[in-house]
Amino acid sequence: MWLKALELRDFRNYESLQLFDLSPRVNIFVGQNAQGKTNVVESVLMLAVAKSHRTSRDAEVIRFEAETALVQGMVEREDRTLKLDLHMLAKGKKSRVNGVEKRKMSDFVGHLNVVLFAPEDLQLIKGGPQLRRRFLDVEIGQVSPQYLYNLSQYQKVLLQRNTLLKEISKKEKKEDLLAIWDEQLCVYGAKVVQKRYEFVEKLEHFARDIHSRISGGKELLSFRYVNSFDLLEGADVTERFFETLQSKRRQDILRGTTSVGPHRDDLEVRIDDREVHTYGSQGQQRTASLSMKLAEIELIRAEVGEYPVLLLDDVLSELDSERQLHLVESMGERVQTLITTTTTYGLEQFMQEQAHVYRVEHGVICREG
Ligand SMILES: Nc1ncnc2c1ncn2[C@@H]1O[C@H](COP(=O)(O)OP(=O)(O)OP(=O)(O)O)[C@@H](O)[C@H]1O
């Protein structure tokens, strides 16, 4: 699939932007810092997942002085063309697919699939477990609306349970009221955990190959989903979650928070059976996170039947020029790629022959080649 056209109205520093001639292969957005390159990438990501990667407050993307923001995209898929609209309001947002309003965001997500690799992804391995959980949630959510539904139900129940735990600790409520939340937490939580296990297994399959290629066959990459409620071999996930939750009940009441469940899990990344988070060099951490992202491209293709759009935001400078060219050329053959960069050093010939190049300046974009 590929994004044929993108229109923005009052989105970040764009008052009005119309890009009708995107290439199905490589598109390079060049500009100085703070001109609006990442804003373009962010808008495309929002068309795919209805959320920004930079903020959890949707209203932040509305241009200063404006009241609403609009992102529109024309997506070419193998068998159809889709028009996607996402409208951000001061409170909430609205979405449409081919003019038909989608009341639930989970019905909007997934018409466009993207894989984003941004500077903060270099933290994916180095940073805390919440980054890796978010990675899992965003990526699984793109291909499974059911997962998004289960996850949001889980989060709602978790919030209720935590509120009740605090009230019990202050003796405002009775402990037996927990039973109703515990049961629902385990039902939705088990579904989330099971889907994450499946995803991690498939991700490993693709990422291992990619990483081996990048590292010249020297390193073996592997993943392990780390579950906060010790899942024994062959055990029923819901039951095991429930048992652990009961055993931690005292502690949870004391602390006023739920100590086990998918909101506490992690994804362990290993190279040659050593944890990269603790023992990996910066280069290994960077390569491993790139392998994870590139693996997603293959994974989405396996699930959806088409390649997603690849967004490379300001990450080329992290690679030497040989790797840059290799990455851009190899991806551009199969996958529509949108790249932002401040410098095009090393890519000049490729840009002239094979890419659409756009110059970005103060929220205005002009095609250069
Ligand atoms: N809601 C908003 N309304 C108007 N302008 C905004 C809004 N949010 C951010 N901006 C502006 O957008 C610009 C930053 O754009 P962006 O993050 O896309 O930069 P960039 O070109 O990717 O730069 P860099 O190379 O430094 O990453 C800044 O000038 C900022 O003031």
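Residues numbered from 1 in each chain as written. Predicted model: local features only at pLDDT ≥ 70, side-chain atom pairs only at ≥ 80, totals over all residues.

Novice: In this structure, what is going on with the pairing of strand β1 (residues 2-11)? I would like to understand it.
Specialist: In the case of a regular strand, side chains alternate between the two sheet surfaces. Taken together, the seven bridges between β1 and strand β4 (residues 69-76) define a ladder with antiparallel strand orientation. Across the sheet, the residue bridging to L6 is G73, located in β4. Where β1 and strand β2 (residues 14-19) come together, five bridges link them in antiparallel fashion. Bridge pairing in β2 links L6 to L19. Hairpin connection from β1 to β2: two residues lie between these consecutive antiparallel strands, with R12 at a positive phi of about 50 degrees. (Pairing = 2+ DSSP bridges. Helix = DSSP H or I, 4+ residues; strand = E, 2+ residues; numbered from the N terminus.)

Novice: I would appreciate a short explanation of the packing of helix α5 (residues 145-169) against helix α6 (residues 178-214) in the present structure.
Specialist: The relative placement of two packed helices is expressed as an angle between their axes plus a distance between the axes. Taken N-terminus to C-terminus, the directions of α5 and α6 make an angle of 145 degrees; their axes are 9 Å apart at the nearest point. Between α5 and α6 lies a crossing of left-handed hand. Residue-level inspection shows Y147, N150, L151, Q153, Y154, V157, L158, Q160, R161 and L164 of α5 in contact with α6, the latter providing L178, W181, Q184, L185, Y188, G189, K191, V192 and K195. Broken down by class, the residue content of the contact of α5 with α6 amounts to eleven nonpolar, five polar and three charged. (Axes fitted to C-alpha atoms, helices over the stretch in contact; angles between N-to-C directions. Left-handed = near helix turned anticlockwise from the far one by under 90°. Contact = placed C-beta atoms within 7 Å. Nonpolar A, V, L, I, M, F, W, Y, C, P; charged D, E, K, R; others polar.)

Novice: I keep staring at the nonpolar core and nothing clicks. Help me out?
Specialist: Soluble globular proteins tend to bury their nonpolar side chains together. Within the largest apolar cluster, 97 residues are counted, with the highest numbers of intra-cluster contacts made by V44, L45, L112, V114, V309 and L311. Top contributing element to this core by residue count: α6, with eleven residues. Counting residues domain by domain, this core receives three or more from each of domain 1 (1-113 + 309-369) and domain 2 (122-305). (Core = buried A, V, L, I, M, F, W, Y, C linked by C-beta atoms within 7 Å. Buried ≥ 20, exposed ≤ 12 C-beta atoms within 10 Å, placed from the backbone. Domains from an automatic or database assignment.)

Novice: Help me understand the site of the ligand, please; the structure alone is not making it clear to me.
Specialist: Neighbouring residues of the ligand: 16 residues in total, closest N13, N33, K37, T38 and N39. Here the element with the most residues in the shell around the ligand is helix α1 (residues 37-49); it accounts for three residues. A per-class count over the shell around the ligand returns three nonpolar, nine polar and four charged. (Near = placed C-beta within 6 Å.)

Novice: Just to check I follow, could you spell out the pairing of strand β13 (residues 337-341) for this structure?
Specialist: β13 sits mainly inside the fold: four of its five residues count as buried. Bridge analysis of strand β3 (residues 26-30) against β13 gives five bridges, and the strand direction is parallel. Directly across from I28, in β13, lies its bridge partner I339. As defined by bridge partners, strand β12 (residues 309-313) adjoins β13 across four bridges and the pair is classed as parallel. Counterpart to L312 in the pairing with β13 is I339.

Novice: Is there a simple way to explain the sheet that holds strand β9 (residues 221-226) in this structure?
Specialist: Sheet strands associate in pairs through backbone hydrogen bonding, adopting either a parallel or an antiparallel arrangement. Taking strand neighbours across the sheet as the criterion, the three strands line up as β9-β10-β11 in an open arrangement whose pairing is antiparallel. Among the strands making up the open sheet, the edge pair consists of β9 and β11 (274-275). Note: strand β10 (residues 266-271) against β11, two bridges, orientation antiparallel. Within the sheet, the bridge partner assigned to I271 lies in β11 and is R274. Against the sheet, α6 engages β9 and β10, with an angle of about 165 degrees to β9.

Novice: Explanation requested: the UniProt feature "binding site: ATP" (unreviewed entry) in the protein chain in the structure shown.
Specialist: The UniProt record marks G31, Q32, N33, A34, Q35, G36, K37 and T38 with the feature "binding site: ATP" (unreviewed entry), using the residue numbering of this structure. You can see N33 is positioned in the loop between β3 and α1. Beyond its immediate stretch of four places on either side in the chain, K37 contacts F29, G31, T340 and V360. (UniProt positions renumbered as here; feature names shortened; annotations may be inferred.)

Novice: How should I be thinking about the environment of H356 in this particular structure?
Specialist: Within the element layout of this structure, H356 appears in strand β14 (residues 355-361). Accessibility expressed as a C-beta count within 10 Å gives 19 for H356, which makes it partly exposed. Ignoring any residue separated from it by four or fewer positions in sequence, one finds H356 in contact with D21, L22, S23, N27 and R367.

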